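Reading the structure
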Amino acid sequence: MEGLGKKAAVTGIVILVSILLLVSAVGSVTSQISAVLVGGGEEEGTEGGSTVTVSLNLSPDVEGYREQVLAEAKKHGMEAYINLFLAVIMQESGGQGGDIFQASESLGLPPNTLNTAGSIEQGVKYLSAMITKAGVTSPEDLEHIRLALQGYNFGGAYIDYAMKNGGKWTQENTFGYAKEKSGGVRNTGSRAEQLGPWRYGDQYYTAHVLRYYSCGDPAGDSAAAGDAVEVALEQRLAWLFPEGTPASPNEMQKYLIQITVPIINKNGKAATMVLTVHKKLAEEIKKVFEDMKRAGFKIKPEETAGYNWRTMASNSSKVSHHSYGCVVDVNWTSNGASYTSWGYHPGKDEFSVTKEIVDIWKRHGFYWGGDWSTAYFDPMHFTYTNH
């Protein structure tokens, strides 16, 4: 934000505290991210030594601000970027506290000065200005969105700097700008790991925000319930990705959508949960969950997930189909695969999938990992591509 140059050290601390608070305070998202790491463990993998995990899920607290933020965004003609505004809130505060956009400093005020209404007004206004300054053309224009996001964190002068040093956002010019503004003062330890090598702002801010961002027009690539069932297995990847399968999480972004599905929760109560899936499978997956609810099957949201960009455990050179938003793992500790220590006791464990539940998924065109070999039995796993 503007004014960070005057308070670089303080801001670094504030941002670090915000990140730590996000990890501890936003329980629903933290648990889901952790769950995604273990769910479908048959394909959990690494890239460059680190687990590749992207969660687009927003906490209920952040989702609760959607209409209020949308109303403010419309004042600036920025309603198309509603998911980007919410992703920033998710990173800045997880929807907790008053200054949910952490926007006080952009007005030259001490951190957390603004109340929620003031934070939304200023946060939307400031990010809108960065979107305009960065030349963002659409919600799918991730190249310029990265520039805008780093400008939101560093201040608008970063955008001018980036345009003179590479002409766009790069991690290198982010480091260069932070080094210059910090006067060469380095971060160390966990601060360096979380925020970057230089004591100025969050040099990984774009990645931190984009893990929560779902972009694109959901209606643009949608398919009606029933359409997916008719596609032959060997044609399904081409149907999902007519321009070719994505090679990175960023390329995958435009195909994803967050959906709210009905469930019976652990306590036997009607509830909902959020899943991130491929747009073309959104309506089909909604129907699956509607049918499971009608069947009275209980879902543990913290152990049920869809999209997760990662490589396969069995072959680290190949991308898991979880990465393509076409796989859903259900209640994994009650539907343990043959290579896990979790059990599978249909009829005894109320969270274990039964033949009735498996048949529901199959009617909607999905394959079941429980039909695979004894050595690779995976009852949690429902996959559109049989992968």
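Read on for an overview of the structure. Source: prediction; values computed, not measured. (Residues numbered from 1 in each chain as written. Predicted model: local features only at pLDDT ≥ 70, side-chain atom pairs only at ≥ 80, totals over all residues. Heavy atoms only, no water.)

1. Topic: the overall build of the chain
When helices and strands are tallied, the chain shows 15 helices and seven strands. Taking as baseline every contact in the chain between residues at least 6 positions apart, the subset at least 24 positions apart corresponds to 62%. Carbon and sulfur atoms make up 52% of the accessible area of the chain, which totals about 15,800 Å². (Helix = DSSP H or I, 4+ residues; strand = E, 2+ residues; numbered from the N terminus. Contact = heavy atoms within 4.5 Å. Areas by Shrake-Rupley, 256 points an atom, 1.4 Å probe, with all protein chains shown as cover.)

2. Brief notes about the pattern of salt bridges
Oppositely charged side chains can form a pair if their charged atoms are brought close together. Within this structure, the stated rule accounts for twelve salt bridges. Here Glu 243 and Lys 254 are joined by a salt bridge, their closest N and O atoms 3.1 Å apart. Highlighted residues: Glu 243 in the loop between α12 (236-240) and α13 (249-252) and Lys 254 in the loop between α13 and β3 (256-264), separated in sequence by eleven residues. Glu 290 is the partner of Lys 287 in a salt bridge, and the nearest nitrogen-oxygen pair spans 3.7 Å. One end of the pair, Lys 287, and the other, Glu 290, are both in helix α14 (residues 282-294), three residues apart, so they sit about a helical turn from each other. In this structure Lys 287 comes out as partly exposed when scored by relative accessible area, which is 35%. Its relative accessible area of 27% is what places Glu 290 among the partly exposed residues. (Salt bridge = Lys/Arg side-chain N within 4 Å of Asp/Glu carboxyl O. Buried < 20%, exposed > 50% of the residue type's maximum accessible area, 1.4 Å probe, protein only.)

3. Comments concerning the packing of aromatic side chains
Each aromatic ring pair is summarised here by two numbers: the centre-to-centre distance and the angle between the ring planes. Applying the stated criterion to the full structure yields 20 aromatic pairs. Aromatic side chains Phe 289 and Trp 361 sit 6.1 Å apart centroid to centroid with 80° between the ring planes, which places their arrangement in the edge-to-face category. Of the two residues, Phe 289 sits in helix α14 while Trp 361 sits in helix α15 (residues 355-363), which places them 72 residues apart along the sequence. Note on accessibility: Phe 289 and Trp 361 belong to one class, buried. The side chain of Lys 280 reaches across the aromatic face of Trp 239, ending 4.9 Å from its centre. (Phe/Tyr/Trp six-rings, centres within 6.5 Å; stacked < 30°, edge-to-face > 60°. Lys NZ or Arg CZ within 6 Å of the ring centre and 35° of its normal.)

4. Regarding the packing of helix α4 (residues 66-75) against helix α5 (residues 82-92)
Viewed as axis vectors pointing N to C, α4 and α5 meet at an angle of 125°, and their least axial separation amounts to 10 Å. When the interaxial angle is binned, α4 and α5 end up oblique. The two elements α4 and α5 meet at a crossing, and its hand is right-handed. Counting all contacts with α4, which are made through Arg 66, Val 69, Leu 70 and Ala 73, the residues of α5 involved are Ile 82, Asn 83, Phe 85, Leu 86 and Ile 89. (Axes fitted to C-alpha atoms, helices over the stretch in contact; angles between N-to-C directions. Parallel < 35°, antiparallel > 145°, perpendicular 65-115°, else oblique. Left-handed = near helix turned anticlockwise from the far one by under 90°.)

5. Details of the side chain of Thr 116
Residue position: Thr 116 is located in helix α6 (residues 116-134). A polar atom in the side chain of Thr 116 sits 3.1 Å from the backbone oxygen of Gly 98. Dropping the residues within four chain positions of it, Thr 116 is found in contact with Tyr 65, Gly 97, Gly 98 and Ile 100. (Polar contact = N/O pair within 3.5 Å; in protein donor to acceptor, adjacent residues only side chain to side chain.)

6. Some points on the pairing of strand β4 (residues 270-278)
Where β3 and β4 come together, nine bridges link them in antiparallel fashion. Pairing of Ile 259 across the sheet is with Leu 275, part of β4. Here β3 hands over to β4 after five residues, with Gly 268 in that stretch at a positive phi of 80°. (Pairing = 2+ DSSP bridges.)

7. Some details on the nonpolar core
Grouped together as the largest cluster of nonpolar side chains are 49 residues, with contacts concentrated most on Val 69, Phe 85 and Phe 101. Among the secondary structure elements, those contributing two or more residues to this core are α4, α5, α6, α7 (142-154), α8 (157-164), α9 (171-182) and α11 (205-210). Of the residues forming this core, the biggest block, eight residues, is contributed by α5. Core analysis: the next-biggest nonpolar cluster, separate from the first, contains 38 residues, Leu 240, Met 273, Cys 326 and Val 328 among them. (Core = buried A, V, L, I, M, F, W, Y, C linked by side-chain atoms within 4.5 Å.)

8. Details of the environment of Asn 386
When you line up the elements, Asn 386 lands in the segment after β7 (381-383). Each C-alpha atom of the pair Asn 386 and Arg 236 lies 9.9 Å from the other, and the pair is 150 residues apart in sequence. Asn 386 has contacts with Leu 233, Tyr 367 and Trp 372, leaving out every residue within four places of it along the chain. At a separation of 3.2 Å, a polar atom in the side chain of Asn 386 contacts the side chain of Trp 372.

9. So, the environment of Asn 250
Following the sequence through the fold, Asn 250 ends up in helix α13. Asn 250 sits 107 residues away from Glu 143 along the chain, and the two C-alpha atoms are 9.8 Å apart. Leaving out residues up to four positions away in the same chain, Asn 250 has contacts with Leu 142 and Arg 146.

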